Amino acid sequence: MQSKKELTPEIITAIQDKKGKKICVIDLSALEGAPAPEFIVCQGGSSSQVSAIADNIREEISKCAGRKPYNYDGYRNSQWIVLDYGDVMIHIFTPETREFYRLEELWTDAPTREIPDID
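Residues numbered from 1 in each chain as written. Predicted model: local features only at pLDDT ≥ 70, side-chain atom pairs only at ≥ 80, totals over all residues. Heavy atoms only, no water.

Points about the packing of aromatic side chains
This model, assessed by the stated rule, comprises 5 aromatic pairs. Aromatic pair F100 and Y101: ring centres 4.9 Å apart, planes at 85°, arrangement edge-to-face. Of the residues examined, F100 reaches a relative accessible area of 65% and is grouped as exposed. Judged by relative accessible area, which is 43%, Y101 ranks as partly exposed. (Phe/Tyr/Trp six-rings, centres within 6.5 Å; stacked < 30°, edge-to-face > 60°. Buried < 20%, exposed > 50% of the residue type's maximum accessible area, 1.4 Å probe, protein only.)

Quick word on helix α2 (residues 47-65)
Over its 19 residues, α2 extends 27 Å from the first C-alpha to the last, a length consistent with the 27 Å expected when each residue adds 1.5 Å. For α2, the complete set of buried residues consists of V50, S51, I53, A54, N56, I57, I61 and A65. Positive backbone phi, approximately 65°, marks G66, located one or two places after α2. (Helix = DSSP H or I, 4+ residues; strand = E, 2+ residues; numbered from the N terminus. Expected span 1.5 Å × (residues − 1).)

Some words on the nonpolar core
By size, the foremost hydrophobic cluster in this structure holds 22 residues, and its most contacted members are I11, I15, I40, I57, L83, I90 and I92. For this core, the secondary structure elements donating two or more residues are α1 (4-17), β1 (21-27), β2 (38-43), α2, β4 (80-84) and β5 (89-93). Considering each element in turn, this core owes the most residues, 6 residues, to α2. When neighbours within four sequence positions are excluded, I15 is seen to be in contact with G20, I23, I40, C42, I53 and I57. With 13 residues, the next largest nonpolar core counts C24, I26, F93 and W107 among its residues. (Core = buried A, V, L, I, M, F, W, Y, C linked by side-chain atoms within 4.5 Å. Contact = heavy atoms within 4.5 Å.)

This is the structure we're talking about:
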């Protein structure tokens, strides 16, 4: 089974394959009480793109690592889908929902790495 450090590049590729944008990786491993050691946050331009990104992550991680998320939520309206792999949580937003919740601002004391968009 791959660790989060090995899954992260696969997750980023799966997001980029579906044209996900504004990817950031938040390292929460040093923060006590964090829900997971790492968050990956990104956005799709519409609810259907958000769903497609989430589906692609689930498919690719299943293929490359044989893992399924422990839990997932948000498919009903696909404004914010979260995939929980235990050691890494992926948050996929529409731009408006991401702006509203500003998830990254909750973890400003954690190291954050921004991944350049692929056009």
